[in-house]
Amino acid sequence: MRATIRRIQQHLGVEQDGCIGPVTLRAISAALGIQEIPTWPTQAEVRRGSSIFGAPGQEEVLVSIIPAYQLYYEGQPVRSIRVHRLIAPHVKTALEEVLLHYGAAEIKRLGFDQYGGSYNFRPTATGRNLSMHAWGIALDFAPAANAYAFKSPRATLSHPDCEAWWRIWESHGAVSLGRERNYDWMHLQFAKLQ
């Protein structure tokens, strides 16, 4: 079996160690022309500081990206959003895909243009731990209609016309607290819950 894996690795032009790891998987995905869904660390790994995201509050790992469509924070236009550099390409692409799928009018109608923030060095709503926002790996959208305590169907992001929105984000490895736990529907993060 290892010999077969080494031959595949040789063909792909990656290190021939006989193990199927992340480099080999990325090369296979690229060769087949399929999008690989990223595997992000768990919240526990992030909070321990043992993940690829490092320590919280590191300004040097944050980058600003210009969203594909106009976002508004508390009614004011947003020029750029700051996120961890490792998730930046995924956030940028997901917003482009949202625009392509929904169009500007639907984005406005569904509240996808209402931005609640990304990087913010702060604790969670319960105050027990640092929020994933403290690493720049979480974003909030449509906060007024999807407050922390709102559950489905009150939370607008739980409605069927938002299904494609969530599929787009999930294709980049993002996790919705709303879809997983039925609260905080505004929140998506690039860390698994467990």
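For the structure itself, consult the block above.
Figured I'd write up the structure that's included with this text. Note that this is a predicted model, so its numbers are computed, not measured. (Residues numbered from 1 in each chain as written. Predicted model: local features only at pLDDT ≥ 70, side-chain atom pairs only at ≥ 80, totals over all residues. Heavy atoms only, no water.)

Time to look at the nonpolar core. Judged by nonpolar contacts, the single largest core of 42 residues is most densely connected at Phe-112, Leu-139, Trp-165, Trp-169 and Phe-190. Of all the secondary-structure elements, those providing two or more residues to this core are strand S4 (81–84), helix H4 (88–110), strand S6 (138–141) and helix H5 (163–170). In terms of residue count, H4 provides more of this core than any other element does, 8 residues in total. Excluding residues that lie within four positions of it along the chain, Phe-190 makes contacts with Trp-40, Pro-41, Phe-53, Ile-87, His-90, Val-91, Ile-137, Leu-139, Trp-169, His-172, Gly-173 and Ala-174. (Core = buried A, V, L, I, M, F, W, Y, C linked by side-chain atoms within 4.5 Å. Buried < 20%, exposed > 50% of the residue type's maximum accessible area, 1.4 Å probe, protein only. Helix = DSSP H or I, 4+ residues; strand = E, 2+ residues; numbered from the N terminus. Contact = heavy atoms within 4.5 Å.)

Here we take up the sheet that holds S6. Sheet architecture is open: 4 strands sit in the order S5-S6-S8-S7, paired in antiparallel fashion. Edge positions in the sheet fall to strand S5 (115–117) and strand S7 (175–176), since each has one partner strand and no second. Looking at chain direction, S6 and strand S8 (residues 187–189) are connected through 3 bridges and run antiparallel. Each bridged residue has a counterpart across the sheet, and for Ala-138 the counterpart in S8 is Gln-189. Running at roughly 25° to S8, H5 makes contact with S6, S7 and S8 of the sheet. (Pairing = 2+ DSSP bridges. Axes fitted to C-alpha atoms, helices over the stretch in contact; angles between N-to-C directions.)

Look at H4 against H5: their axes get within 9 Å of each other, and the N-to-C directions meet at 150°. Between H4 and H5, the angle falls in the class roughly antiparallel. Considering the relative orientation of H4 and H5, their crossing is right-handed. Between H4, through Val-91, Ala-94, Leu-95, Glu-97, Val-98, His-101 and Tyr-102, and H5, the contact on the second element is made entirely by Glu-163, Ala-164, Trp-165, Ile-168 and Trp-169. Class assignment of the residues belonging to the contact of H4 with H5 gives a composition of 9 nonpolar, 1 polar and 2 charged. (Parallel < 35°, antiparallel > 145°, perpendicular 65-115°, else oblique. Left-handed = near helix turned anticlockwise from the far one by under 90°. Nonpolar A, V, L, I, M, F, W, Y, C, P; charged D, E, K, R; others polar.)

Right, let's talk about the environment of Glu-74 for a bit. On the secondary structure map, Glu-74 appears in the loop between strand S2 (71–73) and strand S3 (76–78). Linking Glu-74 and His-159, residues 85 residues apart in sequence, is a C-alpha distance of 23 Å.

Moving on to the side chain of Ser-171. Residue position: Ser-171 is located in the loop between H5 and S7. A distance of 2.7 Å separates the side chain of Ser-171 from the backbone oxygen of Ile-168, its partner in a polar contact. (Polar contact = N/O pair within 3.5 Å; in protein donor to acceptor, adjacent residues only side chain to side chain.)

Attention now goes to the pattern of salt bridges. Under the counting rule described, the total for this entry stands at 6 salt bridges. Residue Arg-82 is joined to Glu-59 by a salt bridge in which the shortest nitrogen-to-oxygen separation is 2.8 Å. With a gap of 23 residues between them, Arg-82 in strand S4 and Glu-59 in the loop between helix H3 (43–48) and strand S1 (62–65) connect regions that are remote in the sequence. We note a salt bridge from Arg-179 to Glu-163, for which the minimum N-O separation is 2.9 Å. Placement of Arg-179 in helix H6 (residues 177–181) and of Glu-163 in helix H5 is noted, with a sequence separation of 16 residues between them. (Salt bridge = Lys/Arg side-chain N within 4 Å of Asp/Glu carboxyl O.)

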